[in-house]
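Reading the structure
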Amino acid sequence: MATVVGCMNLSHSPFWNIAPARAPEAPGGRFSASVERLRVAAAELAPDAVVVFGPDHARNLFYDCMPPFCIGVERVSGVGDYGTPRGELPLPGRLAREIFAGVTGRGFDPAVSLDLGIDHGLAQVYAKLFPALDVPLVPVIVNSGCPPLPSFRRCFDFGWAVGRAVEGAAGSARVLVIGSGGLSHWPPSISAQDPEIGPEWRDFLIHGRPRMLEVEPSRQERAIKLAEGESSGQVRPEWDRALLERIERDPGVLGRLDEEDVAGVAGPGAMELRTWAAATAAWGGPLTWTAYEPVPEWITGMGVASSIAPADREAVDLTPR
């Protein structure tokens, strides 16, 4: 049978690619160095496949039919936003289908896709950890920004079902599970239920699939303005660090997070921690937080919680640079 060999949860950000840290003292430098160590550790694990739990940011899934979970089982392609991979990526079809069957056999009914697009929510961390893009990827989209959302408890239980499905799969594949998202941040709304969005944006969130590429330049421009404006400071380092410490003591805390508390204190972007909940439950073992850096220039608190403990934990300065 296949084996879950480890878990890596880490933040993503559009600006990790388009404004990368080119020195340790630059914004995002400490976080980037930690992820480089994580990349080496991932290579040493030598996984045969990875399961990446991540969000979509209204580039592939829309309100014409918005599932809480979606598993790609045949073809996966990066849309290439913010400098992330564009085009087809390797997918282990047999394993993906066995995961889907195993999850449905455990009482979950995710959507299935035979041709799934993924944006930076999944593609970025995959490419950072496996820059050769050669490790087969099972993409699992967890709805984290388009209410109604699955609860943190439901995401945790779903992730547990994915992990047990992996372990029940035929063959001897070594599978690494990854959660992509968080920590605290305030991105532009992608909720069609948000009364503050305009009618044109709401129409895009419902019917925007054919116009996704057309609208993308303006979306990226808006994100850049957000990072450059006063609201770029909306990162909550104390909350992020406290959560990482709670996860280290008890990873199951991710399944007990309260949605209103998370959104109220850490912003709607922290709802992406649903992906960490799913990956953590799929793993089922202990985690250690290995890095944290508040990076307002990337509009995100950037952190890592992994099953692999580093030789030295990255020092944490809660003061944004």
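The paragraphs below set out a description of the structure included in this document. Values in this document were obtained by computation on a predicted structure and should not be read as measured data. (Residues numbered from 1 in each chain as written. Predicted model: local features only at pLDDT ≥ 70, side-chain atom pairs only at ≥ 80, totals over all residues. Heavy atoms only, no water.)

Overview of the overall build of the chain
Selection rule: Counting from the N terminus, the helices are DSSP H or I runs at least four residues long and the strands are E runs at least two residues long. Here the radius of gyration uses the C-alpha set of atoms, whereas the globule reference equals 2.2 Å times the residue count to the power 0.38. The Shrake-Rupley method, run with a 1.4 Å probe sphere, supplies the accessible areas, and residue values consider only the shown protein chains as cover. Working convention for charge: Lys and Arg count positive, Asp and Glu count negative, and His plus the chain ends are omitted. Charge placement uses NZ in Lys and CZ in Arg. For Asp and Glu, CG and CD serve respectively.
The helix and strand tally for the chain stands at ten helices and eleven strands. For 321 residues, the compact-globule estimate of 2.2 N^0.38 gives 20 Å, and the C-alpha radius of gyration of the chain, at 18 Å, lies within 12% of that figure. Across its three principal axes, the chain shows a C-alpha extent of roughly 50 × 45 × 35 Å. Roughly 12600 Å² of accessible area belongs to the chain as shown, and the carbon and sulfur atoms make up 53% of that amount. If the 29 positive side-chain charges of the chain are averaged to one point and the 40 negative ones to another, these points end up 3 Å apart.

Remarks on the sheet that holds strand β9 (residues 174–180)
What counts here: Only strands that DSSP links by at least two bridges are regarded as paired with each other. In this description, a line fitted to the C-alpha atoms serves as the axis of each element, helices being fitted only across the stretch in contact, and the angle between N-to-C directions of two axes falls anywhere from 0 to 180 degrees.
Strand order in the open sheet formed by eight strands is β6-β3-β8-β2-β9-β1-β11-β10, with mixed pairing between adjacent strands. Every other strand in the sheet has two partners, leaving β6 (111–113) and β10 (288–295) as the edge strands with one partner each. The average angle at which neighbouring strand axes cross in this sheet is 20°, direction not considered. As judged from the three bridges shared by strand β1 (residues 3–10) and strand β11 (residues 300–306), these two strands associate in the antiparallel manner. Looking across to β11, one finds that N9 is bridged to A305.

Here we look at the packing of aromatic side chains
We apply this condition: Pairs were defined over the aromatic rings of Phe, Tyr and Trp, the Trp ring being its six-membered one, requiring ring centres within 6.5 Å. Orientation was assigned from the angle between planes: stacked under 30 degrees, edge-to-face over 60, tilted for the rest. We call a residue buried when its accessible area falls under 20% of the maximum for its residue type, exposed when it is over 50%, and partly exposed in between, using a 1.4 Å probe and counting protein chains only.
Inspection of the entire model under this criterion finds seven aromatic pairs. Residues F69 and F158 carry aromatic rings whose centres are separated by 3.9 Å and whose planes lie at 10° to one another, so their mutual orientation is stacked. Linking F69 in strand β3 (residues 69–72) with F158 in helix α5 (residues 152–167), this pair joins segments that are 89 residues apart in sequence. With respect to class, F69 is no different from F158; both count as buried. Following the ring pairs from residue to residue traces out a cluster consisting of W16, F31 and W298.

Concerning the environment of V50
Secondary-structure assignment places V50 in strand β2 (residues 49–54). C-alpha separation for the pair V50 and L91, spaced 41 residues apart in sequence, amounts to 9.3 Å.

Remarks on the packing of α5 against helix α10 (residues 273–283)
Keep this limit in mind: We call a crossing left-handed when the near helix sits turned anticlockwise from the far one by less than a right angle, and right-handed when that turn is clockwise. Should any heavy atoms of two residues lie within 4.5 Å, those residues are counted as being in contact. Throughout, the ten residues Ala, Val, Leu, Ile, Met, Phe, Trp, Tyr, Cys and Pro are labelled nonpolar, Asp, Glu, Lys and Arg are labelled charged, and all others, Gly among them, are labelled polar.
Viewed as axis vectors pointing N to C, α5 and α10 meet at an angle of 35°, and their least axial separation amounts to 6 Å. Regarding α5 and α10, the two cross each other, and that crossing is right-handed. In this structure, α5 contributes F152, C155, F156, G159, W160, G163 and R164 to the contact, and α10 contributes L273, R274, A277, A278, T280, A281, A282 and W283. Classifying every residue of the contact of α5 with α10 by side-chain character gives ten nonpolar, three polar and two charged.

Quick notes on the side chain of E293
Note the cut-off: Counted as a polar contact is a pair of N or O atoms within 3.5 Å, where, for protein atoms, one must be capable of donating a hydrogen and the other of accepting one, and residues adjacent in sequence contribute only when both atoms are in side chains.
With respect to the secondary-structure elements, E293 resides in strand β10. Of the residues examined, E293 reaches a relative accessible area of 1% and is grouped as buried. Within the structure, the side chain of E293 is placed 3.1 Å from the backbone nitrogen of R30, a separation counted as a polar contact.

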